[in-house]
Amino acid sequence: MTYAITQTCCSDATCVAVCPVNCIHPTPDEPDFGTTEMLYIDPKTCIDCGACADACPVDAIFPADRLTGPLKRYEEINAAHYEGREPAPVLASPTFHPWGEPVFARSLPSDFAPLRVAVVGTGPAGMYAAEDLLLHTNAEVTLIDRLPVAGGLVRYGVAPDHPGTKGAGDVLARFHRHPRATVRLGLTVGQDVTAAELAAHHDAVVYAVGAPADRRLGIPGEDLPGSLSATALVSWYNAHPETAPDAVALGSAERAVVVGTGNVALDVARVLVSDPEALARTDIADHALAALRGARPREVVLLGRRGPESASYTASELLALKDLPGVDLVVDDHDPRIAAAIGAAGPGDRAALLADVAREAVDWSRAPRDGRRRIVLRFHSAPEEALGPDAVRAVRAGGPDGPVEIPAGLLVRAIGYRGVPLPGLPFDEATGTVPHTAGRIEGMPGAYVVGWIKRGPSGGIGANRSCAAETVGSLLADAVDGRLPKPSGSAKDFARLARDRSGHLVDARGLAAIDRAERARGAVTGRPRVKLATVPELVAAARRGRRRGPVG
């Protein structure tokens, strides 16, 4: 029986590396790697060895005959990817291939002294870069983050009801305890230490600072109370220490409007209407869970500027939305182009995913229905204004027959993230990224970028592996060619500098203590963890646990 890859696939290609018969595609060497929504197992080639399932960091791979419920469809989804394609030659597999000259693309000459590399940012991009350096070279890596806890977007960006996806963070977290890794959390580059000081104490610096800002709608009323970014809402329900528990007020809003049709928009909609008792089994923030138990919208409207054929969500996320217990999914059939696009969609087209979804011309003058909650997809509809004298009361949206007013007490913009300038680094305002060539920051020898600050806010967790490989490749090539500036300060000098500049520095033992404390809090109520939601709480847990003993 073949195996199948399911919804939580992170596309980091760990499974590809262990497959003995090359049955998982696209591989990192193939042109469509990073552009497909997930990886797929060829049922005609799979030999049922299970190596991929053992290696998968997010528990996304199962024997096809054991798939049940909503996951059962993924047997067909995997097989459909290979319809009409020639099977890949087995000779290209990791086990069966023609022998040639050995290639060590991620290594340094044996007589090289260990490089000291700082990685700024402990999300997936930074940790994939650290993994590459620690596994393939003798580099000494300093992991730096402005927050007193590691994880970045895996900890604070992945929806709480996607625990499988969070598993990628657990796999990368093992490098926090690597003997050649030093953890310096709670240290802000550009504030506590400058980019120049960081460079003066390391052979190279890799910046993996992400894209933490949000994009604006640019409409009247956007700054009214009740209008907020998806960035703020996601941070709120994920217990980000820089987002206050009272930063989001759901109030008595019966309807919420979310602008956007990407995965983040779907995450927000799903969390807002999900059963709080189901969320209570996740690591959602305590304050968010209490708010959702008290009052949550009965209806969430997703506004898409274009048609269903151009929606930016992935198939797996839309399929999960269809199967949300107690929640109906509806397409607002207000524009004849919508039905036409769905009807004309072929297998594999984005609009085809909506073929079995109910359609109705929604009457927005009526309040959301009692009983079951629902999510409404309204395509060909752009927001024009948030209405309300003192807070959001409605959203005016465009349509083929003119604007329509949608009564709502909450407006969430989920139209993308954006990088922000980091003091000491060049910045391209147009793209929201740091100018670079293959990861090398322009005009700054020894400085590199990886992740969203490098390529813009695109691609999921797995896309950062190949992104990091390119950047680390550039770094190692520069080291071999003698293009890295020699640092003037030592590792001990930097340790003293970090302690002097940061009042709440957390090391690897402190980080492990935070993890133990959160898991212990969760065990009381049967949850995976209950996050500490403020900087003082995180630092206090790190210090208490650090006094009690070494990393466990």
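As shown above, the structure is provided for reference.
Notes on the structure follow.

### Describing the overall build of the protein
So, step 1. Each helix and strand counted, the protein has 18 helices and 23 strands in total.
So, step 2. At 24 Å, the protein has a C-alpha radius of gyration in line with the 24 Å of a compact globule built from 552 residues.
So, step 3. Taken along its principal axes, the extent of the C-alpha atoms in the protein is 75 × 55 × 50 Å.
So, step 4. A buried classification covers 54% of the 552 residues belonging to the protein.

### Observations concerning the nonpolar core
So, step 1. Counting 121 residues, the largest nonpolar core has Ile24 and Tyr237 as its most contacted members.
So, step 2. Ignoring sequence-local partners within four residues, the contact set of Ile24 consists of Ile5, Cys15, Val16, Cys19, Leu39, Tyr40, Ile41, Cys52 and Tyr82.
So, step 3. Among the nonpolar cores identified, the runner-up in size contains 21 residues, and Val120, Val434, Ile441 and Ile453 belong to it.

### Things to note about the pattern of salt bridges
So, step 1. Taken as a whole and judged by the stated rule, the model has 40 salt bridges.
So, step 2. Of the charged contacts, one joins Asp12 and Arg465 as a salt bridge, the two residues approaching to 3.1 Å between their closest N and O atoms. Remark: Arg465 occurs in helix α15 (residues 463-480) and Asp12 occurs in the loop between β1 (3-5) and α1 (14-18); sequence separation between them is 453 residues.
So, step 3. Owing to a relative accessible area of 27%, Arg465 belongs among the partly exposed residues under this scheme.
So, step 4. Arg73 is the partner of Asp323 in a salt bridge, and the nearest nitrogen-oxygen pair spans 2.8 Å. Taken as a pair, Asp323 in the loop between α12 (315-322) and β13 (327-332) and Arg73 in helix α3 (residues 73-81) lie far apart in primary sequence, 250 residues in all.
So, step 5. Among the residues examined, Asp323 registers a relative accessible area of 32% and is labelled partly exposed.
So, step 6. Arg73 gets classed as partly exposed once you look at its relative accessible area, which sits at 26%.
So, step 7. Residues participating in the shared-partner salt-bridge network are Arg155, Asp515, Glu518, Arg519 and Arg529.

### What to know about the sheet that holds strand β18 (residues 404-407)
So, step 1. Taken in spatial order, the three strands of this open sheet run β16-β17-β18, and their pairing is antiparallel. The open sheet terminates on both sides in strands that have one partner only, identified here as β16 (383-387) and β18. Neighbour-to-neighbour, the strand axes of this sheet turn through a mean angle of 25°, independent of strand direction.
So, step 2. Pairing of strand β17 (residues 394-397) with β18 involves four bridges; the strand directions are antiparallel. Looking across to β18, one finds that Arg396 is bridged to Glu405.

### Here's the deal with α12
So, step 1. In terms of residue burial, α12 counts as a mostly covered element, since six of its eight residues are buried.
So, step 2. What α12 keeps buried is the set Ser316, Glu317, Leu318, Leu319, Ala320 and Leu321.
So, step 3. Those residues of α12 that are buried are in contact with α3, α9 (263-273), β13 and β15 (373-378).

### A look at the sheet that holds strand β11 (residues 255-259)
So, step 1. A sheet is described by the order of its strands in space; here seven strands give the open sequence β10-β19-β11-β12-β15-β13-β14, paired in parallel fashion. Of all the strands in the sheet, just β10 (227-229) and β14 (358-360) have a single pairing partner and so form its edges. The mean inter-strand angle of the sheet, taken between neighbouring strand axes irrespective of direction, is 25°.

### A word on the packing of aromatic side chains
So, step 1. In total, this model carries one aromatic pair according to the counting rule given.
So, step 2. Taking the centre distance of 5.5 Å and the plane angle of 40° together, the rings of Tyr417 and Trp452 count as tilted. In this pair, Tyr417 sits in strand β20 (residues 417-418) while Trp452 sits in helix α14 (residues 452-455), placing the two residues 35 residues apart along the sequence.
So, step 3. On the basis of relative accessibility, which here comes to 16%, the residue Trp452 falls in the buried class.

### Some thoughts on the packing of helix α8 (residues 230-237) against α9
So, step 1. Contact geometry for α8 and α9: axes closest at 11 Å, N-to-C directions at 50°. Regarding the angle of α8 to α9, the classification is oblique. Crossing angle aside, the handedness with which α8 passes α9 is left-handed. Listed contacts from α9 to Ala230, Leu233, Val234 and Tyr237 of α8 are Val264, Asp267, Val268, Val271 and Leu272.
So, step 2. Residues belonging to the contact of α8 with α9 are distributed by class as follows: eight nonpolar, no polar and one charged.

### Re helix α17 (residues 508-525)
So, step 1. Compared with the 26 Å implied by 1.5 Å per residue over 18 residues, the 27 Å span of α17 between its first and last C-alpha is a close match.
So, step 2. For α17, the set of buried residues is Ala508, Gly510, Leu511, Ala512, Ala513, Ile514, Glu518 and Gly522.
So, step 3. Looking one or two residues beyond α17, the residue adopting positive phi is Gly526, at roughly 75°.

### Digging into the packing of α9 against α12
So, step 1. At a minimum axis separation of 10 Å, α9 and α12 run at an interaxial angle of 20°. Put simply, α9 runs roughly parallel to α12. Two packed elements cross with a definite hand, and for α9 against α12 that hand is left-handed. For the pair α9 and α12, the contacting residues are Asn263, Leu266, Asp267 and Arg270 in the first and Glu317, Leu318 and Leu321 in the second.
So, step 2. Of the residues contributing to the contact of α9 with α12, the split by class is three nonpolar, one polar and three charged.

The rules behind each value
Residues numbered from 1 in each chain as written. Predicted model: local features only at pLDDT ≥ 70, side-chain atom pairs only at ≥ 80, totals over all residues. Heavy atoms only, no water. Helix = DSSP H or I, 4+ residues; strand = E, 2+ residues; numbered from the N terminus. Rg over C-alpha atoms; globule rule 2.2 N^0.38 Å. Buried < 20%, exposed > 50% of the residue type's maximum accessible area, 1.4 Å probe, protein only. Core = buried A, V, L, I, M, F, W, Y, C linked by side-chain atoms within 4.5 Å. Contact = heavy atoms within 4.5 Å. Salt bridge = Lys/Arg side-chain N within 4 Å of Asp/Glu carboxyl O. Pairing = 2+ DSSP bridges. Axes fitted to C-alpha atoms, helices over the stretch in contact; angles between N-to-C directions. Phe/Tyr/Trp six-rings, centres within 6.5 Å; stacked < 30°, edge-to-face > 60°. Parallel < 35°, antiparallel > 145°, perpendicular 65-115°, else oblique. Left-handed = near helix turned anticlockwise from the far one by under 90°. Nonpolar A, V, L, I, M, F, W, Y, C, P; charged D, E, K, R; others polar. Expected span 1.5 Å × (residues − 1).

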